[in-house]
Amino acid sequence: MILKRIQTVLALLLVGSVSMLADGSDPFPEVPHAKYQANMTLTAQVVLNGVTLTSEAIVAVYHDDQIRGKGRPNASNVLSITVDGDIDDEDIYFRVFTGGRIIEVDQGAQYTYYGKIGSADSPYLINLTTITTNTSAEGWATTCLPFNAAVPEGVTVYAAKSIEDGAVKIEPVSCSILPKKTPVLLKTETQASYEWLSRVADGDATIETNLFKGTTEEIEVEAESVLTLGHGTINKAIGFWLFTGTTIPANRAYLEKPAEGVRGYTLDWTDEVTGIEAIDMNGDSANASPKSGDKQYARGYDLLGRSLTGKSHLMIINGKKIMVR
């Protein structure tokens, strides 16, 4: 009966929060055993990104925000936890402390009055996953996650709002928890590596329009059928360019192929609303040198992506139109 109940619960939904503490410490409150009339036994193993966790990890069992039990894996990396409760079929989830942070997992298990889940010979599997995003030298990256995740500190999230006058307008998204399967562009101050931890709470981002597409799994595409984040072949600018490969890695965002004659979009942003300028297939190289005798100006590009280094012209710098004379 217990196994049947486990088989009918919701599919795995990873969700987490960050709590940086030293290994060996216990971040969880004590279990109020006297508060509950009965209990059940959970025998389990915890696997994080394919690696079985050892006695350095602590696993706590929760119903809502109420702790119902906790324990550490033994020498065989198996843990046995007494889970307190009163009512059959209460949903329970797990918080796992490992590597100085807490990862939450809603695995769809249910409390059973004096029941038993797992055994020493066949432990219940608590499967954890984290995803790491590496930003570029300029601090840009994309992501699309399979679980609700807490936005790491120092990361700004952007959605693509519209295409106007040959430009894709992107705007910052205000959120602390990024909803699962939401493709976004990310910006950090410097090149860095960020770990996305799952979170039980629902995503709190409100995005009415988002032109980005995304995938949580590796997918096959036709060459030059989509645009992905990278550097242009002509002006080397960071942006979204025709993808010449055929495999998009998991957890990435991209743009659908634009109109014929456009090979990509460069990024042109401010601290507020941001734009991505369209680049024509026949645009001149942004690396062209000014003619002899010309004054060197700050680099800018016209709407076709051509480098502008003349003495008098309209430049677009960081999304603003500036007349240089």
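Residues numbered from 1 in each chain as written. Predicted model: local features only at pLDDT ≥ 70, side-chain atom pairs only at ≥ 80, totals over all residues. Heavy atoms only, no water.

Once that is clear, we can look at the environment of Ile131. With respect to the helices and strands, Ile131 occurs in strand E11 (residues 131-134). As a C-alpha pair, Ile131 and Asn49 span 82 residues in sequence and 9.0 Å in three-dimensional space. Ignoring anything within four residues of it in the chain, the contact list for Ile131 reads Leu145, Pro146, Phe147, Tyr194, Glu195, Trp196 and Asn251. (Helix = DSSP H or I, 4+ residues; strand = E, 2+ residues; numbered from the N terminus. Contact = heavy atoms within 4.5 Å.)

On to the nonpolar core. Within the largest apolar cluster, 25 residues are counted, with the highest numbers of intra-cluster contacts made by Leu42, Val46, Val59, Phe94, Tyr124, Ile126 and Leu128. It is strand E2 (residues 38-48) that contributes the most residues to this core, 6 residues altogether. Listed in part, the 16 residues of the second largest apolar core include Val151, Val173, Leu178 and Tyr194. (Core = buried A, V, L, I, M, F, W, Y, C linked by side-chain atoms within 4.5 Å. Buried < 20%, exposed > 50% of the residue type's maximum accessible area, 1.4 Å probe, protein only.)

Now for the pattern of salt bridges. Considering all chains together, one arrives at 6 salt bridges under this definition. For Glu90, the salt bridge identified is with Arg68, shortest N-O distance 3.0 Å. With a gap of 22 residues between them, Glu90 in the loop between strand E6 (79-85) and strand E7 (91-98) and Arg68 in strand E5 (residues 66-71) connect regions that are remote in the sequence. Using a relative accessible area of 14% as the deciding quantity, one classes Glu90 as buried. With its nearest N and O atoms 3.6 Å apart, the salt bridge here joins Arg95 to Glu104. In terms of burial, Arg95 and Glu104 fall into one category: buried. (Salt bridge = Lys/Arg side-chain N within 4 Å of Asp/Glu carboxyl O.)

On average, the protein scores 78 in pLDDT, and the residues at 70 or more come to 73%. Between residues 1-22, whose pLDDT stays under 50, and residues either more than four places distant or in other chains, the model counts 65 contacts. Long-range and interchain partners of residues 281-325, a stretch whose pLDDT sits below 50, account for 82 contacts in this model, where long-range means more than four residues apart. (pLDDT = per-residue confidence, 0-100.)

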